[in-house]
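Remarks on the overall topology
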Amino acid sequence: RAAWGGCFAWSDAAWLARRAVVWAPETWAQQPLSIYEVHLGSWIAGDDGKPLGYRAVAEPLAKHALELGVVAVELLPLSQYPADESWGYQCASGLYAVDSRLGSPDDFRYLVDTLHRHGIAVFVDFVLAHFARDPWGLASYSGAPQFEYEGALGELPGWGTARFNYAKPEVRSYLCGAAEHWITHFHVDGLRLDAVAAMVYSNFGKEEDGDAILAGRGTVNPDGMSLLRELCARVRRRHPGVLLAAEESTNFKWVTERPAEPGSDRFSVKVEDLGFHLKWNMGFTFDTLAYFGKDPAARPQLEIFGCKQLAWYLAYAFNERWVLPFSHDNAHPRSLLDQMAGTGVGDAPGRFAQLRLLLAYLVGMPGRPLLFMGSELGDGPWSHKTPIQWRAAEGDPIKAHLRQWVAKLMRLYRELPALHRQDDDAEGFEWLDMDASSRCVYAWRRKAKGEADVVVVVNASTSVVAGYRLAPGPREGPWRLLASSASADSGSDGDVVVRVQAEGVGEFSLDLPGCAAQFWTCGPDPLAAPPSPSAVVFEVRHPSAGAGDQVRIVGSCAALGDWQPSSGLLLGATPASLPVWRAEVDFGPSAGELEFKCVLVKADGSVEWESTEGNRTLSIGGAGVAGRSVSVEFGKA
């Protein structure tokens, strides 16, 4: 029963409350969602060379995710599985059980709780399509097919696994219950369902049908489709704020729930979708890697269906809600770095320049960026037996610059609404140059209503393009260069941010370094000033505070009213954020240790102090405080 209740004392109530607001049905798609994919068994090793367990890895992983600036960590499957070589994607019977290689169920809860405490969401890969045929598992459980289909439909050619019988009520209950088990008992924030194509196509895995299936013309399995729709509907209804992503590798119409954009394929082909929040776009990944793996001299001629290859994605970008994944599948047998073409200026520096350019293209495009562990260092190729070479990377300046570039990109993505708020809206994207001159130069504008535009410029050739005329249109004030991937080549201090005042308002000239990308904006520079190390964001959940009431923080300093409720820090809330109240305050570097409590000042003037035993405490000026939130629930320790 430890897998269900356990003995763990959760401390993430405020996180879960905030998740329900931020990722509510009407708001989640406008939020930034950058994802760091991790295989826990090979992310880092201890001094004994063995993988760190759930508890030992929790703080290092949270710290690294914060440094990278990602929103979520996605973990490869952690249901108990028999073969290390399957990486967790072939479970035999343990869908409800946490992989015991790295610890107990409560140890895994500690990992999730720690990541939540640091403001990091947790997604888990989950496999409902099939299961391993180990004789002690579910295969022929009663001496005959019980969990799987009978005959050929119960087999998945190529994988040697059994396909669940999605038609049986008891199997459907088992599978949906397993998914909800991880959400309810382990507080995961999302599930990424693997091999969805094997569920929606009954002929999936047959080599002779591969092309038809890839094109979305396979033989559909109505049992699998109805199960997926049932699961998505249950999660949306019972667990608002939890996201479901599909690893669906074909042109199946349609996977995600979203309105059809006028002029899109989805607008003209109106069929019922499966109900997922997100779909992995492996086509984007394949096309992008194919482009950056080609000799730069050959790139001007690269096209897909008559469209420039780097521009092809926008032909279908608004048919689904996308994750743009450079995942574990792209980190072996060759790493991302190894798949980059050289540039003729020295193999290693040229490949790193290409990888920085690819990552800029990824973040600049509409969709949620996903990056597999180690790619931020140019590590690899990945093996489940070998941890990331962290120490080797520390002494390599070019790898350090890549890591800094990834962190800078993720911060731009999070802090510039134009780079994420209208990911699924065609009005949020505008081409400025689809390589009209066949020089491998692309430029586009990202937009968000009421926010400053961002212009991304990519030069995928090895030549400097001098005097390039960029015409983003008239705007008040100058355009500023926020970041350039070429600046990391200097090998100085790793600062890749340059600020330039444009020659004009509507059009200006610039020089584009070879194999580089630039981000421009006409708005304020989000990277101009680092957050104060003594600044703290308070978030208080108070379900019953009503109109005219005030939620305040009072405590042992002037900024918190010196314990006077009428002078305490006043928190604010909007209809969309309720029941969470929020405010930010800079205490100054000498504040030291502070004590505080939450109070409710009611509309009639009466004051209600929270009933927690003792005062809450906070240390100001210590490492890692900047940008952190103090999230609490009123009256609960």
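The notes below deal with the structure included here.

Looking now at the overall build of the protein. Along the protein, the regular secondary structure elements total 13 helices and 30 strands. In terms of C-alpha radius of gyration, the protein reaches 26 Å, essentially the compact-globule figure of 26 Å for 637 residues. With respect to the three principal axes, the spread of C-alpha positions in the protein is 75 × 70 × 55 Å. In the protein, buried positions account for 56% of the 637 residues. Within the protein, counting contacts between residues at least 6 apart in sequence, those at least 24 apart form 72% of the total. Across the protein, the mean location of the 59 positive side-chain charges is 2 Å away from that of the 77 negative side-chain charges.

For the rest of this paragraph, the subject is helix 10 (residues 282–292). Among all positions in helix 10, only Phe284, Thr285, Asp287, Thr288, Leu289, Tyr291 and Phe292 are buried. Looking at where helix 10 begins, the residue whose side-chain oxygen comes 3.2 Å from the main-chain nitrogen of Gly283 is Asn281.

Quick look at the environment of Glu613 now. Tracing the sequence through the fold places Glu613 in the loop between strand 28 (607–609) and strand 29 (616–619). Overall, Glu613 belongs to the exposed group, its relative accessible area being 82%. A sequence separation of 555 residues divides Glu613 from Ala58, and the C-alpha atoms of the two residues are 28 Å apart.

With that settled, consider the sheet that holds strand 6 (residues 130–131). Ordered in space as 6-8-7, the three strands form an open sheet in which the pairing is antiparallel. Both edges of this open sheet fall to strand 6 and strand 7 (155–156), since each of them pairs with a single strand only. With two bridges connecting them, strand 7 and strand 8 (residues 161–163) associate as antiparallel partners. Within the sheet, the bridge partner assigned to Glu155 lies in strand 8 and is Ala162.

Attention now moves to the environment of Ala547. For Ala547, the position within the fold is in the loop between strand 23 (535–541) and strand 24 (550–555). In sequence terms Ala547 and Lys602 are 55 residues apart; their C-alpha atoms lie 9.0 Å from each other.

Under the counting rule described, the total for this entry stands at 34 aromatic pairs. Residue placement shows Arg101 over the ring face of Tyr81; its charged tip is 3.9 Å from the ring centre. Here the guanidinium or amino end of Arg192 rests over the ring plane of Trp280, the centre of that ring lying 4.1 Å away.

Before going further, it helps to examine the environment of Leu377. Its place among the elements puts Leu377 in the loop between strand 15 (368–372) and helix 12 (390–394). When its relative accessible area of 2% is taken as the criterion, Leu377 is described as buried. Not counting residues up to four positions away in its chain, the partners in contact with Leu377 are Phe352, Ile388, Trp390, Ala393, Lys399, Leu402 and Arg403.

Most of strand 14 (residues 322–326) sits inside the fold, with five of its five residues counted as buried. In strand 14, alternate side chains face the same way, and those of Trp322, Leu324 and Phe326 on one face and Val323 and Pro325 on the other are all buried. Here strand 11 (residues 278–280) pairs with strand 14 via two bridges, running parallel. Across the sheet, residue Trp280 finds its bridge partner in strand 14, namely Val323. Examined bridge by bridge, strand 14 and strand 15 share four bridges and lie parallel to one another. Bridge assignment links Leu324 to a residue of strand 15, and that residue is Pro369.

A few words on the sheet that holds strand 10 (residues 243–246). Ordered in space as 1-2-5-9-10-11-14-15, the eight strands form a closed barrel in which the pairing is parallel. Taken pair by pair, the neighbouring strands of this sheet meet at an average axis angle of 25°, ignoring direction. Of the strand pairs in this sheet, strand 5 (residues 121–126) and strand 9 (residues 190–193) are connected by four bridges, and their pairing is parallel. Residue pairing across strands places Asp125 opposite Arg192, the latter belonging to strand 9. Along the sheet, helix 4 (residues 105–117) makes contact with strand 2 (72–75) and strand 5, crossing strand 5 at roughly 135°.

Contact pair helix 10 / helix 11 (residues 347–364): the axes reach a minimum separation of 11 Å and the direction vectors enclose 150°. In terms of axis orientation, helix 10 runs roughly antiparallel to helix 11. The way helix 10 lies across helix 11 gives a crossing that is right-handed. In contact with Phe284, Thr288, Leu289 and Phe292 of helix 10, helix 11 contributes Gln354, Leu357, Leu358, Tyr361 and Leu362. Residue composition of the contact of helix 10 with helix 11, grouped by class: seven nonpolar, two polar and no charged.

Turning next to the pairing of strand 21 (residues 508–512). A one-sided burial pattern is seen for strand 21, the buried positions being Phe508, Leu510 and Leu512 and the unburied ones Ser509 and Asp511. Here strand 19 (residues 465–470) runs beside strand 21; their pairing, made up of four bridges, is antiparallel. For Arg469, the partnering residue across the bridge sits in strand 21 and is Ser509.

As a further point, take the packing of helix 5 (residues 169–186) against helix 8 (residues 222–238). Interhelical geometry of helix 5 versus helix 8 gives an angle of 35° and a closest axis separation of 11 Å. Helix 5 and helix 8 meet at a crossing whose hand is right-handed. On the side of helix 5, the interface is formed by Arg172, Leu175, Cys176, Ala179, Glu180 and Ile183, while helix 8 contributes Asp223, Ser226, Leu227, Glu230, Leu231, Arg234, Val235 and Arg238. For the contact of helix 5 with helix 8, the class distribution of residues is seven nonpolar, one polar and six charged.

Glancing now at the pattern of salt bridges. Taken as a whole, this structure holds 33 salt bridges when the rule is applied. Where Glu320 meets Arg266, a salt bridge forms, and the shortest distance between an N and an O atom there is 3.2 Å. Taken together, the positions of Glu320 in the loop between strand 13 (307–308) and strand 14 and Arg266 in helix 9 (residues 265–268) put the pair 54 residues apart, joining distant regions of the chain. A relative accessible area of 1% places Glu320 in the buried class. With a shortest N-O distance of 3.5 Å, Arg445 and Asp453 are connected by a salt bridge. What makes Arg445 buried here is its relative accessible area of 5%.

Basis of the calculations
Residues numbered from 1 in each chain as written. Predicted model: local features only at pLDDT ≥ 70, side-chain atom pairs only at ≥ 80, totals over all residues. Heavy atoms only, no water. Helix = DSSP H or I, 4+ residues; strand = E, 2+ residues; numbered from the N terminus. Rg over C-alpha atoms; globule rule 2.2 N^0.38 Å. Buried < 20%, exposed > 50% of the residue type's maximum accessible area, 1.4 Å probe, protein only. Contact = heavy atoms within 4.5 Å. Lys, Arg positive; Asp, Glu negative; His and termini not counted. Charge placed at Lys NZ, Arg CZ, Asp CG, Glu CD. Polar contact = N/O pair within 3.5 Å; in protein donor to acceptor, adjacent residues only side chain to side chain. Pairing = 2+ DSSP bridges. Phe/Tyr/Trp six-rings, centres within 6.5 Å; stacked < 30°, edge-to-face > 60°. Lys NZ or Arg CZ within 6 Å of the ring centre and 35° of its normal. Axes fitted to C-alpha atoms, helices over the stretch in contact; angles between N-to-C directions. Parallel < 35°, antiparallel > 145°, perpendicular 65-115°, else oblique. Left-handed = near helix turned anticlockwise from the far one by under 90°. Nonpolar A, V, L, I, M, F, W, Y, C, P; charged D, E, K, R; others polar. Salt bridge = Lys/Arg side-chain N within 4 Å of Asp/Glu carboxyl O.

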